[in-house]
Amino acid sequence: MSVSAPNLPSTEAPTRRLSLVPEGVTPPPAAVAEGLPRTVHHELGVPTIDRRVVDFANFDHGATAPALISVTETVEKVQRTYGSVHRGAGYTSRQTTAWFEQARREIADFVGARADDQVVITRNTTDALRLLAHALPRRTQVFAWESAHHAALLPWSSARTTRLPVPHSASDALELLREALAASTARHKIVVITGACNVTGEVWPVRELVEVATEFEARTVLDAAQLAPHHRVDIADWGVDWVAFSGHKTYAPYGAGALVGRTDWLDAATPYLPAGGATRAVGARGVQWQTGPARHEGGTPNAVGAIALAAACSALTRHRERIEAHERVLHQRLREGLEAIPGVRLVHALGPERPNVGVVSFTIDGIDCSLVSQVLADEHGIAVRDGRFCAHLLCDAIVGGRGCAVRASIGLATQPHHVERLIAGVRRLVEHGPASAYDHTDAGWVAREDPRLVDEPLPW
């Protein structure tokens, strides 16, 4: 399948490769809103297909966020004196251990944990929720909406999981949960709550859902992967039992996440990673296991990643009000700008009036969503994401057709002029089509003639 621009010859589609910014070429300076932390994407230049170098417009924070500069500085400092944590007598081990354990407190404060909650360092949200699934008491019944990200939908036993339909509104979500819990006779119950929708950015009514769960003596776990980087999380105030979130969405992409919450089910479960560090004593007749976070952190933990995550949590907490105001303004402008373009349809689940973390997902009549994202990248230096976003059941329900949409997700690397460029790029595509010719290959949509295609040297 091909999409052609006027007067462009048809040639064999090239294999997708990495592109280099020519040495010595820099993009125009990028302004940063006053009082906001900077990311490593500040003034990052990327090449377009017409040989320009433009300031990178990052609308893909929903997948992963670039590191804060303050976080990279923290990592550099930690690596200088890094040593394996716990039980080491050397200076580097003692220093890293101290920072690692202090990181737990910073992470706990970031999500509003209770004094007796524990913080288990995991790889990411997926790993954190899988750990909790491992720790559930026998025959626990799980309640999860089909609108959840796969990380929150799939780790539980299918035989003991009640899937609730995709709700049409916040009130519908509450009613669906109430009906399901009222019909349950299980001794142990847990409700999996989405903090902010992975596809639409809509913020779920967490406090109200917890109240319904509590009414039926069910516990709750909050998937805060999309919520925590953009809005305050307070599990003690909301009554949430556990929360899971990821460093790579929280401006600390160094391989760490966290599960924070109640200790009893975690301490009663067998170790998630039965290995060194999780053991208190090993004898000929058995093993005595640790309690607390160490019980589930067998092996050498990712101390650098945990400290990086704590640094990000600290920065986001200090700048929370400015961050929310910045993203609220950008989201409103982006939404209004895209809504004004004929043929562009915004995607909603709970409704357009729900609070939002800065995500706008949309389709364009008659244009494949993956072509939209490739054209925006190649011709305008804009990063968006297309597809079904690891939420297939939700996309099938609210998008229709193949369930494919384009997602623009705002964050600290997104600036007002990036929003205007995205709106203008979508309008140009709708009104004039792609500026270049594209072929659909096994590697996706590829421009037939792309002067940027060179062999990128390995970074090591």
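The shown structure was predicted, so the numbers you read here are calculated from the model rather than taken from an experiment. (Residues numbered from 1 in each chain as written. Predicted model: local features only at pLDDT ≥ 70, side-chain atom pairs only at ≥ 80, totals over all residues. Heavy atoms only, no water.)

A. Structural view of helix α2 (residues 91-110). For α2, built from 20 residues, the straight-helix expectation of 28 Å at 1.5 Å per residue is met to within 8% by its first-to-last C-alpha distance of 29 Å. Among the residues of α2, Ser93, Gln95, Thr96, Thr97, Phe100, Ala103, Arg104, Ile107, Ala108 and Phe110 are the ones counted as buried. Contacts made by the buried residues of α2 are with β5 (118-122), β10 (242-246), β11 (257-261), α9 (303-318) and α10 (320-339). (Helix = DSSP H or I, 4+ residues; strand = E, 2+ residues; numbered from the N terminus. Expected span 1.5 Å × (residues − 1). Buried < 20%, exposed > 50% of the residue type's maximum accessible area, 1.4 Å probe, protein only. Contact = heavy atoms within 4.5 Å.)

B. Representation of the nonpolar core within the structure. The biggest cluster of nonpolar side chains holds 77 residues, and the ones touching the most others in it are Ile107, Val233 and Phe245. Here this core takes twelve residues from α9, the largest share from any one element. If we skip the residues at most four places from it in the chain, Ile107 touches Val119, Ile121, Phe245, Ala258, Val260, Ala306, Leu309, Ala310 and Cys313. In this structure, Val372, Ile382, Val426 and Tyr438 belong to the second largest nonpolar core, which totals 31 residues. (Core = buried A, V, L, I, M, F, W, Y, C linked by side-chain atoms within 4.5 Å.)

C. Seen up close, the state of the cysteines. Per the stated rule, a full pass over the model turns up one disulfide. The disulfide partner of Cys369 is Cys404, and the S-S distance across this bridge is 1.5 Å. Between Cys369 and Cys404 the sulfur-sulfur dihedral comes to about 65°; the bridge is accordingly right-handed. With a gap of 35 residues between them, Cys369 in helix α11 (residues 369-380) and Cys404 in the loop between α12 (392-398) and β18 (405-409) connect regions that are remote in the sequence. Each member of the pair, Cys369 as well as Cys404, carries the same accessibility label: buried. (Disulfide = S-S within 2.5 Å.)

D. Structural detail: the side chain of Asn198. As for its placement among the helices and strands, Asn198 is situated in the loop between β8 (189-194) and α6 (206-215). A polar contact is formed between the side chain of Asn198 and the side chain of Gln226, at a distance of 3.2 Å. (Polar contact = N/O pair within 3.5 Å; in protein donor to acceptor, adjacent residues only side chain to side chain.)

E. Structural context of the sheet that holds strand β15 (residues 359-364). If you trace the four strands from one edge of the open sheet to the other, you get β14-β15-β18-β17, paired in antiparallel fashion. Every interior strand has two partners, whereas the edge strands, β14 (344-346) and β17 (385-387), have only one. On average, each strand axis in the sheet is inclined to that of its neighbour by 30°, with strand direction left out of account. Note that β14 and β15 share three bridges and pair antiparallel. Residue pairing in the sheet places Val344 in a bridge with Ile364 of β15. Across the sheet, α10 is in contact with β14, β15 and β18; its angle to β15 comes to roughly 10°. Those strands touched by helix α13 (residues 416-432) are β14, β15 and β18, and its axis lies near 10° from that of β15. (Pairing = 2+ DSSP bridges. Axes fitted to C-alpha atoms, helices over the stretch in contact; angles between N-to-C directions.)

F. Quick peek at α9. Counted at 1.5 Å a residue, the expected span for α9 with its 16 residues is 22 Å, and the 23 Å between its end C-alpha atoms agrees. Counting buried positions over the 16 residues of α9 gives 14, a clear majority of the element.

G. View of the pairing of strand β12 (residues 279-283). Pairing of β12 with strand β13 (residues 286-289) involves four bridges; the strand directions are antiparallel. Bridge pairing links Val282 to Val287 in β13. Taking the residues between adjacent antiparallel strands as the criterion, β12 and β13 are bridged by two residues.

H. Expanded view of the pairing of β5. β5 sits mainly inside the fold: five of its five residues count as buried. Covered by surrounding structure in β5 are Gln118, Val120 and Thr122 together with Val119 and Ile121, the residues of both alternating faces.

I. Representation of the packing of α11 against α13 in the model. Where α11 meets α13, the closest approach of the two axes is 10 Å, and the angle between their N-to-C directions is 115°. Considering only the axes of α11 and α13, their crossing is right-handed. Each of Val372, Val375, Leu376 and His380 in α11 lies in contact with α13, whose residues at this interface are Arg421, Leu422, Gly425, Val426, Arg428 and Leu429. Residue classes in the contact of α11 with α13 are distributed as six nonpolar, two polar and two charged. (Left-handed = near helix turned anticlockwise from the far one by under 90°. Nonpolar A, V, L, I, M, F, W, Y, C, P; charged D, E, K, R; others polar.)

Structural measurements only, silent on function.
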